[in-house]
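What the coordinates show
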Amino acid sequence: MKRAKLRVFSISLIVLLVVTTSGLVFGAWFIKKWEQQVTEKFDGQKWRIPSRIYSDSYLLYVGINLKREDLLEKLRRLGYYSVQTTPKSKGEYRFAPAEGLIDIWLHDFDYPNEKVKGYPVRISLESAVVTRIENAATGKEMFSLELEPELVTGLYERIWQERRVVKLAEVPPLLVKAVLAVEDERFYNHHGVDPIGILRAMWVNLRSLSFQQGGSTLTQQLMKNFLLTDERTLARKIPEAVMALIAERKYSKDVILENYLNEIYLGQRGSQGIFGVWEASQFYFSKPLADLTVGESALLAGLIRAPNRLSPYRSAEAATKRRDTVLAKMLEGNIISRKQYDAAVREKLPQRSLVKVTNEAPFYVDYLRRELEQVYSNDVLTEEGLRIFTSLDLQLQRMAERALTEGLKKLEATHAALRKKSAADSLEAAIIALRPQTGEIKAMVGGRNYQKSQFNRVFQAKRQPGSIFKPFVYLAALMYGGQSGIQYTPDTVIDDSQFIWSYEGQEWQPSNYNNEYFGAVTFRRALESSLNSATGRVAQDVGIRRVRDLAHRMGIQSPLPAVPSLSLGSAEVTPLEVAVAFSTLANNGVRTRPLAVKQVMDQSAKVLEKRDVRVEQVVAPQLANAMNQLLKGVLDHGTAASARRLGFTRPAAGKTGTTNDYKDAWFVGYTPDLLAVVWVGFDGQSKLNLSGSEAALPIWAEFMKAATANMAATDFVGPPMPPGESEGKCGPAGREGEVGGEPCAPATVPARAPAETL
Amino acid sequence: MSFVGNSGSFAVKLLLAGIVLAAGLFSCAPQRPYRAPVPPKRSVPPTPAPLPPPSPAELGRRPLPQDPRIREQDIRSKAPATAPATKETREPLKQPSVRESRTPVEPAPQPALAPPLPDDSSLLAKITPGVSPQRAASLRLTEEGKRLLDGGEPAKALTPLERSIAIDSTNPYGHFYLAKAQHRLGRYQDSLNFLDVAESRLGGELFWLAEVHALRGENFRALGQLQRAEVSYDYALRLNSGNRTAAEALARMQSDAQPASR
């Protein structure tokens, strides 16, 4: 019996020893592992900071036409808030319609190469025109004013954490004290875990029979955010406490506090999480940290407990109540005086509406992301907080989106055959708008619904352009003349009858729309009415290789086979290529490279790259202007005349395009300041059975009406004539016609002959 | 063996001492000044034949009839135009020597030229009551870009200058200063492209056309295309004999070429 007891005792002892030893070994192993994690986090990359994509900035100048509503909407989107009196701090604006004044106190903004400190400005308006801009602080007259770019979206992997990392020295001491007062009063008196704090929290919770207080120290909270999950279990609490002890042993209080102030979650703007005190100060008050008042500091500190529930955007009442609690704590802890307290509780919370950042240009962002990925890795783009400045005009982008969506709806409503053919084959469209002078891509919609299909038809879909290719034929004719010796002018008579073009042992016969032929027509009429047979004859005379080469020179990059059908647009191209090529005409023969990304800055505001405007005069300006005048006729009395009926009345040039099999409908059109290309069709190549003027032109017209509403109506201006040069002069060397030779076409196209009978 | 070895070592030492001595003597000997290799045919004649000022009709032809700069195949290939195959065009850009940069260059003999044109460089003076708001804003931005350029900040100047042509694409001065900024940044072909555009928008503004041709000359010179540079400078002076850039550059080219002719 005694032996048996001894045996049991021995076994128990051994078991205990084994358990204790393994516990110690495992414990040591865990501690080592946690220590390694803590060290890696503190010493390594703590935060993944997404790149931010900005739109183009908005330039106002004296004399610009301005729709007040547009400016006010722009200010609202930029996070400015309306006040009734003259703005007193950054981010405020006042609109006084009776006086025709808009007062704005500009935000600070780090532009590439320049950090701008916000200052007050006054804009005077007379009806819709800006008559004066002045610096309201100095009274100095300004001639232009740049409103900062809008944040379009961030580039991130899983969640968008908006954060700017600051040093502890950059955080106002009052804010630090306010945070400590409500989150960890005894921060400087514990070693990571605070038993007194835990007991006090337990006592408070027991007394109220509810969860009122947590016993976690600020270090524990940081460990939880850095390395652990949000679950409230013992299994999480133990490593949290151990890690907090490790962190306190290895790092100073200031390092821990600085990390905490940068890490803490403080709100949500749509998909964008607001992290750290710097970002929160901007989000709630549009202010740098140094400018925060006592009340604002208390409000931020109070938000840590429940950022969304206590947000002033959600409930000013709840936010005020929480702020006052924090202020009371600060008063109690002698952090602020009674006078400061009284003033702070009287501070009114700004009434502001939350402007969520939703990516309104997903196709555009995809396009520029592809461009950026040629230079920067995905990790750099999603983690290193680059700031990417683009050419995007969000206002035009919205207009393009609206025109496309509503245009397609209307088409489906009026043409039942266009309604969804199958789940995978619904009516689609694409639109791209660019500024011909600079090549800046101002708007891009690559499809009807980005959520359903991310295929960007602006630069990924190659489709036959149909008749929008014809201007290259006519320009080549003006430039080179015909092999037959004909020197083409807008009034040259061309035969629009059936013919057969024999080439390389094959035959090709173009046929006109509805098989209608007009016999003798002028060059101008053939282009305006988009006559296939006449165009074929011109192309044959000029030489299809010259046409192909000219199209390449103007910006078409897709391979173009030099076959007769090329003249009617049989080779596939993208809407982006079409836009670049026609912007060469709009810009008087100067080709620009398409520009989406303008500048890239790193977190320290260093400019990593700037993509400049690049130009090249590839067509003589006289010839480009002659084509512009001819293509104006397409809108005024040609195949696109319905644009005028649709209410687009500005001087503009353009060309419709319809493919032979009615699978693609196009329209490219431009004013001197803005060019847009619209494509409509099915991804699955189903037939539209509509022409470019029926399907694409209405979308273009709606977009351009809205987009140019505030622009001054300008007409195409040809190159100035040098002294002594008469208009329409065509020198003997003019057959070359390209840059470097003499123009052979008239600089301006004479008005239509009244007696033109065709 | 050892004798051979010793005597071999002695011979080597003797040879080395001889080489060192010879080198020392050579370095002490008076030297002829260094001259850059000179092509057999000079690009700049020492006394250029006087050229008449261009006729108005000649001005209308753009670029110069004798300027072989841009040809269709160059445009198609997007490559800088190839110069005529003369030896001088293959000569790399000669950096001015310290001596050259310190001593004033003797003015080159000038052809019979039209009198200097009045200075028309002020852009703000072009903002008159009849000017459109776009042009006025564009000119002010161009002026801002010009100021940054003068302050030695060509990269910064690009932003206002690009804005200036975005607001008013017909503003030739914006294109001119963009060309100047690109030149300062060492992008000579881009600069030439902007100059083409500026020229096409200038019309009959002789002062500015001369500026365009002078800057074009600077770009060609930087690209090592001395003959083209000379043609451009020369044309600039025919438009405005007061164009300092062209006059100084021509004089510099001539002085560079002078020693070679002796």
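Residues numbered from 1 in each chain as written. Chains lettered and ligands numbered in written order. Predicted model: local features only at pLDDT ≥ 70, side-chain atom pairs only at ≥ 80, totals over all residues.

Notes on the overall build of chain B
Looking only at helices and strands, one finds 11 helices and 0 strands in chain B. Reading the secondary structure of chain B in the N-to-C direction produces α-α-α-α-α-α-α-α-α-α-α. Every one of the 262 residues in chain B was classed for burial, and the buried ones make up 42%. (Helix = DSSP H or I, 4+ residues; strand = E, 2+ residues; numbered from the N terminus. Buried ≥ 20, exposed ≤ 12 C-beta atoms within 10 Å, placed from the backbone.)

Here's the deal with the overall build of chain A
Summing up its helical and strand segments, chain A has 23 helices and 29 strands in all. Taking 758 residues into account, the globule formula puts the C-alpha radius of gyration at 27 Å, and chain A, at 34 Å, lies well above it. Dimensions of chain A, computed from C-alpha atoms along their principal axes, come out at roughly 125 × 80 × 50 Å. Buried positions account for 47% of the 758 residues belonging to chain A. (Rg over C-alpha atoms; globule rule 2.2 N^0.38 Å.)

As for the sheet that holds strand β8 (residues 120-126) of chain A
All names here are of chain A. With mixed pairing, the 6 strands of this open sheet are ordered in space as β3-β4-β5-β8-β9-β10. Only two strands of the sheet have a single neighbouring strand rather than two, namely β3 (81-82) and β10 (141-142). Direction of pairing for strand β5 (residues 101-105) relative to β8: antiparallel, over a ladder of 5 bridges. Bridge pairing in β8 links Ile102 to Ile123. (Pairing = 2+ DSSP bridges.)

Observations regarding the domain arrangement of chain A
When the parts come together, some accessible area is lost, and that loss is often what is quoted as the size of the interface. Partitioning chain A into domains gives domain 1 (57-148), domain 2 (163-346) and domain 3 (466-660 + 715-735). Its C-alpha centre places domain 1 of chain A at a distance of 36 Å from the equivalent point of domain 2 of chain A. (Domains from an automatic or database assignment.)

Some words on helix α6 (residues 154-167) of chain B
Across its 14 residues, α6 of chain B extends 20 Å between first and last C-alpha, which sits within 8% of the 20 Å expected from 1.5 Å per residue. With 13 of 14 residues buried, α6 of chain B lies mostly within the body of the structure. (Expected span 1.5 Å × (residues − 1).)

A short note on the nonpolar core
All names here are of chain A. One finds Ile431, Ile432, Ala433, Ala676, Val678 and Ala696 to be the most contacted residues of the largest nonpolar core, which totals 195 residues. For this core, the leading source of residues is helix α15 (residues 470-480), giving 9 residues. Two domains each donate at least three residues to this core, and these are domain 1 (57-148) and domain 3 (466-660 + 715-735). Ala676 has contacts with Ile431, Ile432, Ala433, Gly669, Trp700, Phe703 and Met704, leaving out every residue within four places of it along the chain. (Core = buried A, V, L, I, M, F, W, Y, C linked by C-beta atoms within 7 Å. Contact = placed C-beta atoms within 7 Å.)

Considerations on the sheet that holds strand β12 (residues 151-155) of chain A
Strand pairing in a sheet relies on backbone hydrogen bonds, with the paired strands running either antiparallel or parallel. All names here are of chain A. Here 5 strands make up an open sheet; going across it, the order is β12-β1-β16-β24-β25 and the pairing mixed. Edge strands, defined here as strands with exactly one partner in the open sheet, are β12 and β25 (607-610). Here the strands of the sheet are splayed against their neighbours by 20 degrees on average, with no regard to which way each runs. In this sheet, strand β24 (residues 597-601) lies alongside strand β16 (residues 387-390) in antiparallel orientation, the contact comprising 4 bridges. Across the sheet, the residue bridging to Thr390 is Val597, located in β24. (Axes fitted to C-alpha atoms, helices over the stretch in contact; angles between N-to-C directions.)

So, the pairing of strand β18 (residues 440-445) of chain A
Residues and elements named next belong to chain A. Burial analysis of β18 places 6 of its 6 residues in the buried class, which makes it a mostly covered element. Both strand β17 (residues 427-435) and β18 contribute to a ladder of 5 bridges, which runs antiparallel. The residue bridging Ile431 from the neighbouring strand is Val445, located in β18.

Examining the confidence of the model for chain A
Taken over all residues, the pLDDT of chain A has a mean of 88, while the share at 70 or more is 93%. Within the model, the stretch residues 723-758 of chain A combines pLDDT values under 50 with 81 contacts to residues more than four positions away or in other chains. (pLDDT = per-residue confidence, 0-100.)

Observations concerning unusual backbone geometry
Residue and element names in this part refer to chain A. A positive phi angle is found at Glu504, which is not glycine, with a value near 40 degrees. The residue Glu504 is located in the loop between β20 (501-503) and β21 (506-508) in this model. Phi at Asn689 is positive, roughly 60 degrees, even though this residue is not glycine. Here Asn689 shows up in the loop between β29 (675-682) and α22 (692-695).

Looking at the environment of Leu531 of chain A
All names here are of chain A. Within the element layout of this structure, Leu531 appears in the loop between α16 (523-528) and α17 (532-542). On a C-alpha basis, the gap between Leu531 and Ile699 in space is 24 Å, while along the polypeptide they are 168 residues apart. Setting aside residues no more than four positions away along its own chain, Leu531 makes contact with Asp496, Asn512, Phe518, Val521 and Ala526.

Description of helix α14 (residues 394-414) of chain A
Under the 1.5 Å per step criterion, the end-to-end length of α14 of chain A is 30 Å for 21 residues, consistent within 8% with the ideal 30 Å. By the burial criterion, the buried members of α14 of chain A are Leu394, Gln395, Leu396, Gln397, Met399, Ala400, Glu401, Ala403, Leu404, Gly407 and Leu411 of chain A.

Details of the pairing of strand β4 (residues 92-96) of chain A
A regular strand places its side chains on the two faces of the sheet in alternate fashion. Residue and element names in this part refer to chain A. Sheet topology note: the β3/β4 ladder contains 2 bridges and is parallel. By the bridge assignment for β4, Tyr81 is matched with Glu92. Direction of pairing for β4 relative to β5: antiparallel, over a ladder of 4 bridges. Bridge pairing in β5 places Phe95 opposite Ile102. Where β4 hands over to β5, the hairpin turn is made up of 4 residues, of which Gly100 adopts a positive phi near 65 degrees.

Observations regarding the packing of α14 of chain A against helix α23 (residues 697-707) of chain A
Geometry of a packed helix pair, given as the angle between the helix axes and the separation of the axes. Residues and elements named next belong to chain A. Where α14 meets α23, the axes come as close as 9 Å, and the angle between the chain directions of the two elements is 150 degrees. With respect to α23, the axis of α14 lies roughly antiparallel. The interaxial crossing formed by α14 with α23 has right-handed handedness. Between α14, through Leu396, Met399, Ala400, Ala403, Leu404 and Gly407, and α23, the contact on the second element is made entirely by Pro698, Ile699, Glu702, Phe703, Ala706 and Ala707. Class assignment for the residues of the contact of α14 with α23 results in 10 nonpolar, 1 polar and 1 charged. (Parallel < 35°, antiparallel > 145°, perpendicular 65-115°, else oblique. Left-handed = near helix turned anticlockwise from the far one by under 90°. Nonpolar A, V, L, I, M, F, W, Y, C, P; charged D, E, K, R; others polar.)

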